[in-house]
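# A closer look at the structure
Here are the chains, one letter per residue:
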Amino acid sequence: MWPLWLLASLLAPSQALPFEQKGFWDFTLDDGLPMLNDEEASGAETTSGVPDLDSLTPTFSAMCPFGCHCHLRVVQCSDLGLKSVPKEISPDTTLLDLQNNDISELRKDDFKGLQHLYALVLVNNKISKIHEKAFSPLRKLQKLYISKNHLVEIPPNLPSSLVELRIHDNRIRKVPKGVFSGLRNMNCIEMGGNPLENSGFEPGAFDGLKLNYLRISEAKLTGIPKDLPETLNELHLDHNKIQAIELEDLLRYSKLYRLGLGHNQIRMIENGSLSFLPTLRELHLDNNKLSRVPSGLPDLKLLQVVYLHTNNITKVGVNDFCPVGFGVKRAYYNGISLFNNPVPYWEVQPATFRCVTDRLAIQFGNYKK
């Protein structure tokens, strides 16, 4: 059972997620570039990403569901084998934790009266059915974590106040147009681990969203979706079946800082494809089937990290990473990984890495046939 102080940490503003997510409670950690906070991302002046200070004061309500722990407006009912949402939840509750139970359905009045709820955690239950008005009372809900359930569709009528949606590891195959309608404050969506194919995204499915962060990893994508929000700063499509990056695949995503395409089947990146990403800082192309370093890297003036390990790269040219001439690149590399490639490293010229901050930032070797 998680300590209440850790649960309460969910009330802090969202930060960027690490590329490698190691666990549910890693959501507030980051190993690199920060995402914009909720207010900056949404443009909404009334959404600060944190509850009012009044909500952090102790509550003296005697209401607490049997077996749960209630403190500082946090109600923790995890790991209790619950079959349904408990009753007698205090109306001033800010965070409700129901993870690791056996809840299979969210009914119309399950959250009635919880108008102050800020975060709802429903991870690792058996939810397969959600009433269309189940979330109607949650007018201040900003974080909904409903991953690792049995959902076959994205819940209807999500609260317009929602900033962060975690719905990965379900059974969702389709994202229909209008399902995110009215979610003007939405900042982050994690929907990996669902059997989503490219054809599962209806045209206009993401219309109106101004996301910073989107992750559709461990799905069944064979190409980069072309109709995602153009506001994205981070896009993670790792562990899919993407085979190539064609010229205009990234045309829409010029604001990306971080692009994750590791653990795919990419053999080809068409010349000029990366030129549409002028603000890119971090590029993950590890564990693919590339035979050479992608062209266009020297033109990405802000690029600092490139993961190319575990590919089929046999040669590294002197101008594959760095532009010709001094003063062209605005940010030097602090990480280039090339290990586990069949490169004769003794043939790589030292000048190849003239725009790298430190030789320790370059990772070579360890190739096995």
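What counts as what
- Within any chain, residue numbers begin from 1 and follow the written order of that chain's sequence.
- Under the rules for a predicted model, residues below a pLDDT of 70 receive no local features and side-chain atom pairs below 80 are neither given nor counted, while totals for whole chains, interfaces and linings still include all residues.
- To get the side-chain values, take all heavy atoms of the structure and skip hydrogens and water.
- In this description a helix means any DSSP run of H or I spanning at least four residues, a strand means any run of E spanning at least two, and both kinds are numbered starting from the N terminus.
- Contact between two residues is taken to exist if any of their heavy atoms lie within 4.5 Å; hydrogens are not considered.
- Only the protein chains shown count as cover for residues, with accessible areas throughout obtained via the Shrake-Rupley method and a probe of 1.4 Å.
- In summary, the pairing rule links any two rings of Phe, Tyr or Trp, Trp by its six-membered ring, whose centres are within 6.5 Å, and it sorts them by plane angle into stacked for under 30 degrees, edge-to-face for over 60 and tilted for everything else.
- UniProt positions are given in the numbering used here, feature names are shortened, and annotations may be inferred rather than shown by experiment.
- As used here, the term nonpolar core means buried Ala, Val, Leu, Ile, Met, Phe, Trp, Tyr and Cys residues forming a set that is joined through side-chain atoms within 4.5 Å.
- Burial classes follow relative accessibility: with a 1.4 Å probe on protein chains only, a residue under 20% of its type's maximum area counts as buried, one over 50% as exposed, and anything between as partly exposed.
- Any two cysteine sulfur atoms within 2.5 Å of one another count as a disulfide.
- Per residue, pLDDT measures the predictor's confidence, with a range of 0 to 100.
- For this analysis, a polar contact is any N or O atom pair within 3.5 Å, provided that within protein one partner can donate a hydrogen and the other can accept it, and provided that sequence-adjacent residues contribute only side-chain to side-chain pairs.
- Counted as salt bridges are all cases of a side-chain nitrogen of Lys or Arg within 4 Å of a carboxyl oxygen of Asp or Glu.

## Observations concerning the overall build of the protein chain
Check the secondary structure of the protein chain and you find 2 helices and 18 strands. For the protein chain, the share of sequence-separated contacts (at least 6 apart) that also reach a separation of at least 24 residues comes to 50%. For the protein chain, the computed accessible surface area is about 17300 Å², with 51% contributed by carbon and sulfur atoms.

## Digging into the packing of aromatic side chains
Scanning the model with the defined rule gives 7 aromatic pairs in all. Summarising the aromatic geometry, the rings of Phe 321 and Tyr 333 are spaced 6.1 Å apart at their centres and angled 90 degrees between planes, so their arrangement reads as edge-to-face. Of this pair, Phe 321 sits in the loop between β16 (305-307) and β17 (335-337) while Tyr 333 is found in the loop between β16 and β17, placing the two residues 12 residues apart along the sequence.

## Comments concerning the UniProt feature "domain: LRRNT" (unreviewed entry) in the protein chain
The UniProt record marks residues 63-95 with the feature "domain: LRRNT" (unreviewed entry), using the residue numbering of this structure. Across residues 63-95, the secondary structure splits into 0% helix and 21% strand, with the terminal C-alpha atoms separated by 15 Å.

## Describing the nonpolar core
Generally speaking, soluble globular proteins have nonpolar side chains that are buried together. Formed by 88 residues in total, the largest nonpolar core has its most connected members in Leu 106, Leu 120 and Phe 321. Setting aside its immediate chain neighbours within four residues, Leu 106 contacts Val 85, Phe 111, Leu 122, Ile 127, Lys 129, Ile 130, His 131, Ala 134, Phe 135 and Ile 146.

## Digging into the state of the cysteines
Evaluated as defined, the whole model comprises 3 disulfides. A sulfur-sulfur distance of 2.1 Å marks the disulfide that ties Cys 68 to Cys 77. Disulfide Cys 68-Cys 77: torsion about the S-S bond near 115 degrees, hence right-handed. Given a relative accessible area of 0%, Cys 77 falls into the buried group. A sulfur-sulfur separation of 2.0 Å characterises the disulfide bridge that pairs Cys 322 with Cys 355. Where Cys 322 bonds to Cys 355 through sulfur, the torsion about that S-S bond is close to -85 degrees, and the disulfide is left-handed.

## Observations regarding the side chain of Ser 217
Its location among the elements puts Ser 217 in the loop between β10 (213-215) and β11 (234-236). On the accessibility criterion, Ser 217 (2% relative accessible area) is buried. Excluding residues that lie within four positions of it along the chain, Ser 217 makes contacts with Gly 192, Gly 193, His 236, Asp 238, His 239 and Asn 240.

## Quick notes on the confidence of the model for the protein chain
With 82% of its residues at a pLDDT of 70 or more, the protein chain shows a mean pLDDT of 86. Throughout residues 11-60 the model reports pLDDT below 50, and contacts reaching past four residues in sequence, or to other chains, amount to 114 contacts.

## What about the environment of Leu 302?
With respect to the helices and strands, the residue Leu 302 is situated in the loop between β15 (282-284) and β16. By relative accessible area, Leu 302 is classed as buried at 15%. The spatial distance from the C-alpha of Leu 302 to the C-alpha of Tyr 257 is 9.0 Å, given a sequence separation of 45 residues. When residues no more than four places from it in sequence are discounted, the contact partners of Leu 302 are Pro 278, Thr 279, Leu 280, Arg 281, Lys 329, Arg 330 and Ala 331.

## Things to note about the environment of Asn 198
Positionally, Asn 198 belongs in the loop between β9 (188-190) and β10. Between the alpha carbons of Asn 198 and Ile 224 there is a distance of 8.1 Å; along the sequence they are 26 residues apart. Ignoring any residue separated from it by four or fewer positions in sequence, one finds Asn 198 in contact with Leu 221, Thr 222, Gly 223, Ile 224 and Pro 225. Reaching out from Asn 198, the side chain makes a polar contact with the backbone nitrogen of Thr 222 at a distance of 2.8 Å.

## With respect to the pattern of salt bridges
Evaluated as defined, the whole model comprises 12 salt bridges. For the salt bridge of Glu 164 with Lys 143, the shortest nitrogen-to-oxygen distance reads 2.9 Å. Residue Glu 164 is found in strand β8 (residues 164-166), and its partner Lys 143 is found in strand β7 (residues 143-145); the two are separated by 21 residues along the sequence. In this pair, the class of Glu 164 matches that of Lys 143, namely buried. The shortest N-O distance in the salt bridge between Glu 234 and Arg 258 comes to 3.6 Å. With Glu 234 in strand β11 and Arg 258 in strand β13 (residues 258-260), this residue pair connects regions lying 24 residues apart in the sequence. Taken individually, Glu 234 and Arg 258 each receive the classification buried, so the pair is uniform in this respect. Through salt bridges that share partners, Lys 83, Asp 102 and Lys 126 make up one connected network.

## Topic: unusual backbone geometry
Even without being a glycine, Asn 287 presents a positive backbone phi close to 55 degrees. In this fold, Asn 287 is placed in the loop between β15 and β16. Look at Asn 340: it is not a glycine, yet its phi comes out positive at around 60 degrees. Following the sequence through the fold, Asn 340 ends up in the loop between β17 and β18 (362-363). Here Asn 340 falls in the partly exposed class, since its relative accessible area comes to 22%.

## With respect to the environment of Asn 340
When the C-alpha atoms of Asn 340 and Thr 310 are compared, they prove to be 4.7 Å apart, with 30 residues separating the residues in sequence. Polar contacts involving the side chain of Asn 340 include one to the side chain of Thr 310, which spans 3.3 Å.

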